[in-house]
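# Coordinate inspection notes
So the chains spell out like this:
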Amino acid sequence: MDHLSNATLPRLPAGVRRPSYDRAAARIGIVHLGVGAFHRAHQAVYTEDAMDAGDTGWAIAGVSLRSPDTRDALGPQDGLYTVAARSAAGDAFRVIGSLAQLLVAPEDPEAVLALMAAPETRIVSLTVTEKGYCHHPATGTLDEAHPDIVHDLANPTLPRSAVGFLIEALDRRRRAGHAPFTALSCDNLPANGETLARVATRFAALRDPALGDWVAAHVAFPSTMVDRIVPATSAADRAFVAETLGLQDAWPIVTEAFSQWVIEDHFPAGRPAWDRHGATLVADVTPFELTKLRLLNASHSSMAYLGYLAGHETVADAMAAPGFAAFLRTMMDEEITPTLPPLPGFDLEAYKQSLLDRFRNPSLRHRLYQIAMDGSQKLPQRLLGAIRDRLAAGQKFDHLAMGVAAWMRYAAGRDEAGQPIPVQDPLAATIRDRLAGRTDAAAIHQVGLSLTEVFGADLPASTAFVATTRSALDRLMADGAEKVVAGG
Ligand code: CS2
């Protein structure tokens, strides 16, 4: 079977949407760092819509900061790939052409920097995951001891980190008298634009105080809220897409029909007309971001650890198991909703119900193990912020605490049958070393709380937090996740 490419585009079945613009005439206006599945299901699709409507000066150069896999898969396809949006109502297939170039930073950092420094590049966007910011999750400040930060400060023209690339490219634009690009974070972080500004400006100042001042004064870092559930692509997904297209796609994206993008409208160098294609432009994204992180992502993470420990494979499997939907709904209603800022005109009840419906999507195999990754980088904005608000209000947070306890047990690396869990987390080795083979609740809890990068200094000093999370962990280790969740 032939591969998807510019040459085979005309062979697509009539029902498969494809680029309507002349790809050869499109010009790069965006460099995106972290050209992974989420970006390709989300920002690249909004940008495709804008280009289909004539905005063809906003093609994307997708940069991988680590692996060549995306470039190796899509390069032979002229950057084309399929987005298959699946739901109980049916499937929609679309071939996306907005990725005009694919680069692998470790192979040629200079090529990436040259593109980012070019005046035609007006936006540099990022989906580098929480750990890609090289920050302390509890405080949002730059981790100046991070190996990539240490390297990039010593080798500014050969960066490894997203921040290193951003600042070297901005410095080149500054020295050449070019205006800066807008730096657009599209990651699941609270106040993601402010977080990016904080770590980037600090990194710049460590390189050169004048550069730090320039970045702080001239670079726009708008915040965004991004939302689309995008499971990792499986071999079954590839077969499913090939059968529909009649062409092979080395890396299709299977996702849900739902997509949401809320963006602070602060783009001094311009932007695509994303707002004409489903994105929402606002002055302040905070209430949208907090609502999504604390409802969707908190539920995702709690379900990931409790569901994995209960022996379930996917989100849909867990949602079909006794008690999970009720556990999440109670957590959302009783412990999280009271911490949310007002969103005038927003139907919060309908939103919460829609989240549970999205989790139940029978067409998506969203593995709990995928969501469970990097929990040390996710817990602060997903569970701990709401817990701090509940502590300040003197209100209970038993369900949130159970989510924290389930992460502690998961991160300790042994499941309920005593089998090893292949924990993927920047702090996995630290946790393992500090446990030193101990598997009891007291040790797991004490090591967990010792992670100031995650829990800060305030939570381990809170009697209520320590007692509630320890009680949850004791219950979890005595009864098991399935019984705990079924019991509500
Ligand atoms: C998930 C998110 O893997 C995870 O941590 O919770 O990627 C989630 O699917 C997205 O935020 C949904 O918008």
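Residues numbered from 1 in each chain as written. Predicted model: local features only at pLDDT ≥ 70, side-chain atom pairs only at ≥ 80, totals over all residues. Heavy atoms only, no water.

In this fold, Tyr133 is placed in the loop between β6 (123–126) and β7 (135–136). Since its relative accessible area comes to 1%, Tyr133 is described here as buried. It is 24 Å that separates the C-alpha atoms of Tyr133 and Tyr410, two residues lying 277 residues apart in sequence. Within the structure, Tyr133 has its side chain in polar contact with the side chain of Ser185 (distance 2.7 Å). (Helix = DSSP H or I, 4+ residues; strand = E, 2+ residues; numbered from the N terminus. Buried < 20%, exposed > 50% of the residue type's maximum accessible area, 1.4 Å probe, protein only. Polar contact = N/O pair within 3.5 Å; in protein donor to acceptor, adjacent residues only side chain to side chain.)

In contact at an axis separation of 8 Å, helix α16 (residues 398–411) and helix α20 (residues 463–479) are set at 65 degrees when each is read in the N-to-C sense. Considering the relative orientation of α16 and α20, their crossing is right-handed. Two secondary-structure elements touch here, α16 through Asp398, Ala401, Met402, Val404, Ala405, Ala406 and Arg409 and α20 through Phe465, Thr468, Thr469, Ala472, Leu473, Arg475, Leu476 and Met477. Broken down by class, the residue content of the contact of α16 with α20 amounts to 10 nonpolar, 2 polar and 3 charged. (Axes fitted to C-alpha atoms, helices over the stretch in contact; angles between N-to-C directions. Left-handed = near helix turned anticlockwise from the far one by under 90°. Contact = heavy atoms within 4.5 Å. Nonpolar A, V, L, I, M, F, W, Y, C, P; charged D, E, K, R; others polar.)

Here the focus is the site of the ligand. Every residue near the ligand is listed here: Asn188, Val226, Asp227, Arg228, Lys292, Leu296, Asn297, His300, His366, Ile371, Lys378 and Arg382. Measuring from an oxygen atom of the ligand, one finds a backbone N or O atom of Arg228 at 3.1 Å. Here Lys378 contributes a side-chain N or O atom positioned 2.8 Å from an oxygen atom of the ligand. When isolated, the ligand has an accessible area of 350 Å², and the protein chains bury 89% of it. The pocket occupied by the ligand, as judged from atoms lying within 2 Å of grid points, is the largest pocket. Top element by residues in the shell around the ligand is helix α10 (residues 286–309). It accounts for 4 residues. For the shell around the ligand, the per-class residue count stands at 3 nonpolar, 4 polar and 5 charged. (Near = heavy atom within 4 Å. Areas by Shrake-Rupley, 256 points an atom, 1.4 Å probe, with all protein chains shown as cover. 1 Å grid on protein atoms, 1.4 Å probe; cavity = no way out; pocket = protein on both sides within 12 Å on 5 of 7 lines; lining within 4 Å. Sits in = over half its atoms within 2 Å of the grid points.)

It is worth spelling out empty space enclosed by the protein at this point. Under the counting rule described, the total for this entry stands at 4 cavities of 30 Å³ or more. The volume enclosed by the largest cavity comes to roughly 60 Å³. Elements with a contribution of two residues or more to the lining of the largest cavity: α11 (315–320) and α13 (348–359). Looking at the lining of the largest cavity residue by residue, the class counts come to 5 nonpolar, 3 polar and 1 charged. As for the second largest cavity, its lining consists of Trp407, Met408, Ala411, Ala412, Ile431, Leu435, Ile444, Val447, Gly448 and Leu451. At the level of elements, α16, α17 (428–435) and α18 (441–449) are the ones that each hand at least two residues to the lining of the second largest cavity. For the lining of the second largest cavity, the class distribution of residues is 9 nonpolar, 1 polar and no charged. (Points joined across faces, edges and corners; volume = space filled by probe spheres on them.)

Turning next to helix α6 (residues 162–176). Relative to the 21 Å expected for 15 residues at 1.5 Å per residue, α6 spans 21 Å between its end C-alpha atoms, a close match to the ideal helical length. Turning to α6, its buried residues number three or more, namely Ala162, Val163, Gly164, Phe165, Leu166, Ile167, Glu168, Ala169, Leu170, Asp171 and Arg173. Buried residues belonging to α6 abut β1 (28–33), α4 (109–117), β6, α5 (147–154), α7 (192–207) and α8 (209–218). Phi turns positive, to about 80 degrees, at Gly177, one or two residues after α6. (Expected span 1.5 Å × (residues − 1).)

Gaps between atoms show up when a probe of the same size as a water molecule is rolled over them. Of the volumes computed, that of the largest pocket is approximately 1,500 Å³. If you list the elements that add at least two residues to the lining of the largest pocket, you get α1 (37–41), β2 (59–64), α3 (69–74), β10 (224–227), α10, α14 (368–372) and α15 (375–392). Of the residues belonging to the lining of the largest pocket, the class tally is 19 nonpolar, 18 polar and 13 charged.

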